[in-house]
Amino acid sequence: MFYFLTEFAGTLPGFNLFRFITVRAGAAFFTALIFGFVFGKPLINMLKRRQSNGQPIREDGPESHLLTKTGTPTMGGLLILSALTVSTLLWARLDNPYVWIVLLVTVSFGAIGFADDLAKVSKGNVKGVPGRVRLGTGILIGLLASAAAMYVHPDDLQGQLAVPVFKEVLLSLGWFFIPFGAFVIVGAANSVNLTDGLDGLAIMPVMIAATTLGVIAYAVGRVDFTAYLDVHYVPGVGELLVFTAALAGGGLGFLWYNAPPAAVFMGDTGSLALGGALGAIAVSIKHEIVLAIVGGIFVVETLSVIIQVLYFKRTGKRVFLMAPIHHHFEKKGWAEPQIVIRFWIIALVLALIGLATLKVR
């Protein structure tokens with residue numbers, strides 16, 4: 001909304017600054033961060049009152065979780081979603097289709113997660129919304145978002161898959177781009193969901209990946225930058241930097257309360273929404289493959305589950321002591337903060353590798 005204050009740029013000093021995406025991105029970050037600090041504690045208190053027993057803890061998970069995490073409320077993702085949505089609506093250009101595509105995907109997956117969290121809390125067990133319902137709804141959202149992104153992409157990029165490093169390579173997927181994009185969005189949502197198993201484990205890699213994608217979005221949305229970096233120009237996607245800045249601010253506000261020991265869990269409300277956001281951004285900016293790099297933590301977590309399940313069904317034995325892989329390290333005796341910080345470091349390194357693909361020839 002504040003972008004439209006630039007109409008007063010000729011009469012009021014300073015308002016011309018709102019024309020710059022970087023200025024509005026910075027404002028979006030601090031707006032979301034302050035929102036998290038102001039409303040975080042009241043939200044947690046409300047969730048504690050409404051969730052007498054907190055989030056149900058899996059009995060087949062690490063034994064220590066039954067002692068340390070029982071009674072902690074969930075649905076903390078509401079704080080991130082609220083801060084992110086309010087800040088984006090305030091500072092982003094609302095006539096930009098990419099902003100609406102990503103924002104609606106985020107809120108829609110947040111709604112799926114909220115329904116799942118609510119069902120778990122209401123029933124007092126880990127069984128929430130049936131998996132088929134969750135997956136089917138997510139696929140539908142992903143298909144609609146991918147179709148919308150394909151429609152607003154430039155003609156020369158519609159239905160095309162860009163390959164990092166090999167800048168001149170475009171793989172023509174045609175209409176298959178729509179289910180491919182849906183796979184990216186749904187896969188990202190569920191990968192972040194699987195990673196969200198320790199206090200602070202998922203939120204920092206999400207913020208790092210989102211910030212990286214935001215920087216890439218800003219670069220590919222500027223014709224001068226794309227010429228220098230030799231990447232495909234996607235007009236309009238630079239505005240997503242405002243969204244990712246708001247996500248980072250809201251994420252930090254949440255992390256203030258989620259740092260070990262967590263006062264609140266983000267739950268599926270947050271993990272599905274944030275993962276869906278990452279997927280939708282990657283599809284919008286034509287960097288789906290780069291998402292697999294900068295979000296490598298989520299990829300590895302998902303692969304650990306797939307490998308564990310397939311190998312166990314085939315041999316009756318386990319590859320990992322427990323999956324997802326962060327639980328494997330818990331079983332090996334790593335302390336929870338040790339796992340979390342090391343995963344953060346890996347996420348940062350992967351983000352730098354993802355950024356490096358912009359210039360590698």
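### Side note on the packing of aromatic side chains
Across all of its chains, the model carries seven aromatic pairs by this definition. With 4.5 Å between their ring centres and 40 degrees between their planes, Phe-35 and Phe-39 make a pair best called tilted. Highlighted residues: Phe-35 and Phe-39, both in helix α1 (residues 21-50), separated by four residues, approximately one helical turn. Assessed through its relative accessible area of 42%, Phe-39 is described here as partly exposed. Note on Phe-177 and Phe-180: the rings are 6.4 Å apart at their centroids and 45 degrees apart in plane angle, and the pair reads as tilted. In this pair, Phe-177 and Phe-180 both sit in helix α6 (residues 177-195), three residues apart, roughly one turn of the helix. Among the aromatic side chains, those forming a connected cluster through ring pairs are Phe-329, Trp-334 and Phe-343. Sitting above the plane of the Phe-225 ring, Arg-222 keeps its charged end 4.3 Å from the centroid. When the ring centre of Trp-334 is taken as origin, the NZ or CZ atom of Arg-342, which lies over that ring, is 4.6 Å away.

### Examining the nonpolar core
Counting 96 residues, the largest nonpolar core has Phe-109, Leu-247, Leu-278 and Ile-285 as the members making the most contacts within it. Per-element tally for this core: the top contributor is helix α7 (residues 203-220), with 13 residues. Once residues lying within four places of it in the same chain are set aside, the contact partners of Leu-278 are Val-192, Val-206, Ala-209, Ala-210, Leu-213, Leu-291 and Phe-298.

### Details of the packing of helix α12 (residues 296-315) against helix α14 (residues 336-356)
The geometry of α12 relative to α14 is characterised by a closest axis approach of 9 Å and an angle of 120 degrees between their N-to-C directions. Put simply, α12 runs oblique to α14. Of α14, the residues touching α12 (which contributes Gly-296, Ile-297 and Glu-301) are Phe-343, Ile-346, Ala-347 and Leu-350. Grouping the constituent residues of the contact of α12 with α14 by class yields five nonpolar, one polar and one charged.

Criteria and cut-off values
- Residues numbered from 1 in each chain as written.
- Predicted model: local features only at pLDDT ≥ 70, side-chain atom pairs only at ≥ 80, totals over all residues.
- Heavy atoms only, no water.
- Phe/Tyr/Trp six-rings, centres within 6.5 Å; stacked < 30°, edge-to-face > 60°.
- Helix = DSSP H or I, 4+ residues; strand = E, 2+ residues; numbered from the N terminus.
- Buried < 20%, exposed > 50% of the residue type's maximum accessible area, 1.4 Å probe, protein only.
- Lys NZ or Arg CZ within 6 Å of the ring centre and 35° of its normal.
- Core = buried A, V, L, I, M, F, W, Y, C linked by side-chain atoms within 4.5 Å.
- Contact = heavy atoms within 4.5 Å.
- Axes fitted to C-alpha atoms, helices over the stretch in contact; angles between N-to-C directions.
- Parallel < 35°, antiparallel > 145°, perpendicular 65-115°, else oblique.
- Nonpolar A, V, L, I, M, F, W, Y, C, P; charged D, E, K, R; others polar.

In short, the description is geometric, and any link to function would need to be established separately.
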